[in-house]
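Structure at a glance
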Amino acid sequence: MIEILPNQEVILSLQGLSKNYGSKNVLNGIDLTVYRGQIIGYIGPNGAGKSTTIKIILGLEGDYSGKVEIFGEEVTADNYHYKRKIGYVPEIAELYDNLTAQEYLTFIGELYGMDFQAADEKAEKLMTLFGLEAVYHSRIASFSKGMRQKVLVISSLLHNPDLLFLDEPLSGLDANSVMVFKEILAILAAQGKTIFYSSHIMDVVEKISNRIILINDGKIVADGSFTELKQQNTEGTLEQIFNQLTGFNEYKTIAEEFVAIVREV
Amino acid sequence: MKDFRTLKFLDFFKVLFARLGVDYPTMRKILAVKLTMDGRRTPTIFNQQAKKKKQEENGFMKSLGMYVLMSLFLIPIVVFGKNYFFQMSIFYGIVMFLVMTSMISDFSNVLLDVRDKGILLTKPVGKKTISAAKTVHISIYLFFLTAAIAAAPLIAGTLRHGLLFLLLAIIGLILLDLFIVVLTAIIYYFILRFFDGEKLKDIINYVQIGLSISIAVGYQVLARAFNFVDMEIVFSPSWWQFLLPPIWFGAPFELVLQHHSNLYLVGFSLLALVIPIISIIIYNRMMPSFERNLQKLTNQNGESRRKERRWKNWIARVVCRSTEERVFFRFADNMMRNEREFRLKVYPALGLSLVFPFIFMLNEIQMNSYAHLVASKWYLAIYMSCLMMPSAITMLKYSGKYRGAWIYRSAPIANLAPLYSAALKVFIVNLFFPIFLILSVIFIAIFGFKIILDLFVVFVVSILFTVICSLTLNGTLPFSESFEDAQQSGGLKVILAMLLIAVFAVVHYVASLVPFGVLIYLAVMVISTILGWKQAYKTIWNF
């Protein structure tokens, strides 16, 4: 566990971040400071506002109130240079999938300011490590879900970013690839990269994060390391803490009812 | 990725873009990717390796050939006289129609691509560069499209009317293109503002269908139209013409080349110049709120309504015998109604079926008289409506979501023949029958009630023909293959179908000469259709 020390370098800070779609409040004043080298497990129920937070930080969503600072710079509509140091794996993987992996990855690399040759070589090496060297020149449209996910992961890391936003990055990956990827994250964090990890799979979040932030209804309801959360709450696993904090305790009744309907009792 | 000639040309304007605050190298990369993707059709996942070696072909560039062909029809319009105001208004009217409709079908993908936001905006690329890339991308398309449509008539026109004509025409075309882009965007803007993305996609789909029909019918009609149109029409300017944009663009020719200075003509010419410029300004203002509304394309909003359709259930009960077939009937019905790509491929063909019989009768009217037609056996022309059936039925095996077809195999069903017969029944009930009904009503209006028995015969024959056409499905399950595999050239199939239909029609004609012949023919056809259906159910649909 890495201790959170106040004198560490601030990578990201959100102050009073609120956002609403029409009359619906998605974010209700999020305050958050993230330090270098942290792996943050950003969790919450569906529709809690996780993706919206990430989209605001990346400048995909405007019209919010509050302040967002990355690397000490305030995020504004005209400022896009800070994105050079960010890597992003979106939850819904939009890719230009009628390009080949090589074309897509070099394109993304070049957008991040890399040289074509450098991006090409790096991408090919990374693809090879993931066992995808044979399909490097094939179109992404023909890839399986796991292969696409690997391409996405590579495209988010190609330019050696300092801050990573990963939204459900393991979906579709097999157990071996998951192990490789988790190890990659640990090494990256140890080298001072900051990782913002969003997922619904609690076991993974529990294992890899050194700080867990739980949001519910657009507010942060828990913030701390797993041990701290365990001390504050009576429950044992992160999953149970999650259920408790989001006020969800009827899972047994729902499950029983579900099976009853299936069996037509 | 290859280096595009278009982009090399664009390099000349590098400095200009840099002046405008655009990151030119990045914009060029984005454009290269866009053009590469435009030139590619998504490969099917199964035979990726086999296809990789094939030369890349650009569907758009190929479609330009068709526009060039159509533009030949415009040459006489431009060349035949010196009545510029009339001629050029018609010319711009046709150009505007073609560019606008094909804009909506091609430009939609560019303007409405929501992937752009997620992929490009998360990267360190300025908004200005992204929108510049978008604008240039659209301009490239517009340039090629307009050039294909207008080049031949303009060359001919210049040879006849001189260089000043060329200059005016080119300025006119540029302004017209600007106007069209903005008009399309504004239309999208209002649709998105008041409806959701699904509605917009539907509207685009119907415009595409309308375009295909009008191009196909246009071929047939334009060639004949010249016989009817009186070229000596006196076309004088009046106030209502202010409402018709093509006329604005026709006016400057009269004004400059004929030296007709008329207050109306000056007004029109001013509009042609000013409106495109004003609309660009409005467009720029609206762009941000347009982008916001664009989000609707991805967001699922609004409660979905459940439509109860009693009569469909009733039809399903009437035309399907087994429960399984009924299940598949409902499924096929939903698939065909919801799939836009299917509609795009099949509805134009159906539109043609509606028009074909009349095109043939039109010839007859021109040669003889209407009274002569009514007394004849020309009602057999209704057989022409079956011509498009083979290609429409072939489309049944394709689906945009063909990967969902695994469900047929994993479901506990003895055989898939009910799926085939249900799909064909839906085809007849939903698609063919409405067309046939409309035609029948019109035909009865023309020829009188005496042809009702004949119409029954034609309907039964068309069902038999459906069974025969199902041979083209060739052992593939309905909705189980990608549209990208579809061969557009159904030339041979259509000819075979034509011959077969001709045989049916000739037999019908002969039968109609014999007393009770039609009745006997009907009986024979009913029996062979029932037998044919049963036989097909057991053999070609069964596996």
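Residues numbered from 1 in each chain as written. Chains lettered and ligands numbered in written order. Predicted model: local features only at pLDDT ≥ 70, side-chain atom pairs only at ≥ 80, totals over all residues.

**Examining the overall build of chain B**
Put simply, the test is: Only DSSP runs of H or I reaching four residues or more are called helices, and only runs of E reaching two or more are called strands; each is numbered from the N terminus. By the convention adopted here, residues make contact when the C-beta atoms placed from their backbones lie within 7 Å.
A tally of regular secondary structure across chain B gives 23 helices and zero strands. For chain B, restricting intrachain contacts to residue pairs at least 6 apart in sequence, the fraction spanning at least 24 positions comes to 82%.

**Brief notes about the interface of chain A and chain B**
Quick note on the threshold: Here the nonpolar group is Ala, Val, Leu, Ile, Met, Phe, Trp, Tyr, Cys and Pro; Asp, Glu, Lys and Arg are the charged ones; every other residue, Gly included, is treated as polar.
Each partner contributes to the interface: chain A provides 24 residues, whereas chain B provides 21 residues. If one sorts the elements of the side of chain A that touches chain B by residue count, helix α2 (residues 101-111) of chain A sits on top with five residues. Across the side of chain A that touches chain B, the residue classes break down as 12 nonpolar, six polar and six charged.

**Section: the packing of helix α21 (residues 452-469) of chain B against helix α23 (residues 517-538) of chain B**
All names here are of chain B. Put simply, the rule is: Orientation is described by axes fitted as lines to C-alpha atoms, over the contacting stretch for helices, and by angles from 0 to 180 degrees between their N-to-C directions. Any angle that falls under 35 degrees is termed roughly parallel, while one over 145 is termed roughly antiparallel, one within 65 to 115 roughly perpendicular, and all others oblique. Working rule for handedness: look at the near helix, and if it is turned counterclockwise from the far one by less than a right angle, call the crossing left-handed; if clockwise, right-handed.
The geometry of α21 relative to α23 is characterised by a closest axis approach of 9 Å and an angle of 20° between their N-to-C directions. By the angle class used here, α21 and α23 are roughly parallel. Taken as a pair, α21 and α23 cross one another with a handedness that is left-handed. Contacts between α21 and α23 pair L453, D454, F456, V457, V460, V461, I463, L464 and V467 from the former with V518, L519, Y521, L522, M525, V526, S528, T529, G532, W533 and A536 from the latter. Tallied by class, residues from the contact of α21 with α23 come to 16 nonpolar, three polar and one charged.

**Remarks on the sheet that holds strand β8 (residues 194-198) of chain A**
Residues and elements named next belong to chain A. To keep things clear, this is the line we draw: Two strands pair if DSSP finds at least two bridges between them.
Sheet architecture is open: six strands sit in the order β6-β7-β8-β3-β9-β10, paired in mixed fashion. Lying at the two open borders of the sheet, with one neighbouring strand each, are β6 (86-89) and β10 (219-224). This sheet shows a mean twist of 15° between the axes of neighbouring strands, independent of strand direction. In this structure, strand β7 (residues 163-167) lies alongside β8, joined through five bridges in parallel fashion. Bridge pairing in β8 places F165 opposite F196. Here helix α1 (residues 50-57) sits on the sheet and contacts β3 (39-43), β7, β8 and β9 (211-216); the angle it forms with β7, its principal contact strand, is near 145°.

**As for the environment of V510 of chain B**
Residues and elements named next belong to chain B. Threshold: Using C-beta atoms placed from the backbone, we call a residue buried if 20 or more other C-beta atoms fall within 10 Å of its own, exposed if 12 or fewer do, and partly exposed for counts in between.
Here V510 shows up in helix α22 (residues 491-513). For V510, a count of 11 C-beta atoms within 10 Å corresponds to the exposed category. Taking the C-alpha atoms as reference points, V510 and Y521, separated by 11 residues in sequence, lie 10.0 Å from one another.

**Notes on the sheet that holds strand β4 (residues 65-70) of chain A**
All names here are of chain A. An order of β2-β1-β4-β5 is seen for the four strands of this open sheet, with the pairing classed as antiparallel. The outermost strands of the open sheet, each flanked by one partner alone, are β2 (24-35) and β5 (73-74). Contacts between α1 and the sheet are confined to β1 (10-21), β2 and β4, with β2 contributing the most and set at about 65° to the helix.

**Remarks on the packing of helix α14 (residues 310-319) of chain B against helix α15 (residues 323-338) of chain B**
All names here are of chain B. For the pair α14 and α15, interaxial distance at closest approach is 9 Å and the crossing angle is 135°. In this view, α14 runs oblique relative to α15, as classed from their interaxial angle. Here the hand of the crossing between α14 and α15 comes out right-handed. For the pair α14 and α15, contact is made by K312, A316 and R317 and by R326, F329, R330 and D333, respectively. A per-class count over the contact of α14 with α15 returns two nonpolar, no polar and five charged.

**With respect to the environment of L58 of chain A**
With respect to the secondary-structure elements, L58 of chain A resides in the loop between α1 and β4. A C-alpha to C-alpha distance of 8.4 Å links L58 of chain A and V75 of chain A, two positions 17 residues apart in sequence. With residues near it in sequence (within four places) discarded, L58 of chain A still touches K83, I86 and Y88 of chain A together with T122 of chain B.

**Thoughts on helix α16 (residues 340-367) of chain B**
Residue and element names in this part refer to chain B. We count it as follows: Any helix carries an expected span of 1.5 Å times its number of residues minus one. In this scheme, the bend at a residue equals the angle between the axes fitted to the seven residues that finish there and the seven that begin there.
Relative to the 40 Å expected for 28 residues at 1.5 Å per residue, α16 spans 41 Å between its end C-alpha atoms, a close match to the ideal helical length. The sharpest bend along α16 measures roughly 35° and falls at V355, with the proline P357 sitting one to four residues further on. All of the buried residues along α16 are F342, R343, K345, V346, P348, A349, L352, S353, F356, P357 and M361.

**Some points on the pairing of β4 of chain A**
Residues and elements named next belong to chain A. Relative to β4, β1 is paired through five bridges, and the arrangement is antiparallel. Bridge pairing in β4 places L14 opposite V68. Bridge count between β4 and β5: two bridges; the pairing is antiparallel. In the strand pairing of β5, I70 is matched with E73.

**Re the pairing of β3 of chain A**
Taken residue by residue, a regular strand's side chains alternate between the two faces of the sheet. All names here are of chain A. In terms of residue burial, β3 counts as a mostly covered element, since five of its five residues are buried. Covered by surrounding structure in β3 are I39, G41 and I43 together with I40 and Y42, the residues of both alternating faces. As defined by bridge partners, β3 adjoins β8 across four bridges and the pair is classed as parallel. Residue pairing across strands places Y42 opposite S198, the latter belonging to β8. Here four bridges tie β3 to β9, and the two strands are oriented parallel to one another. Looking at β9, one finds that I43 is bridged to L214.

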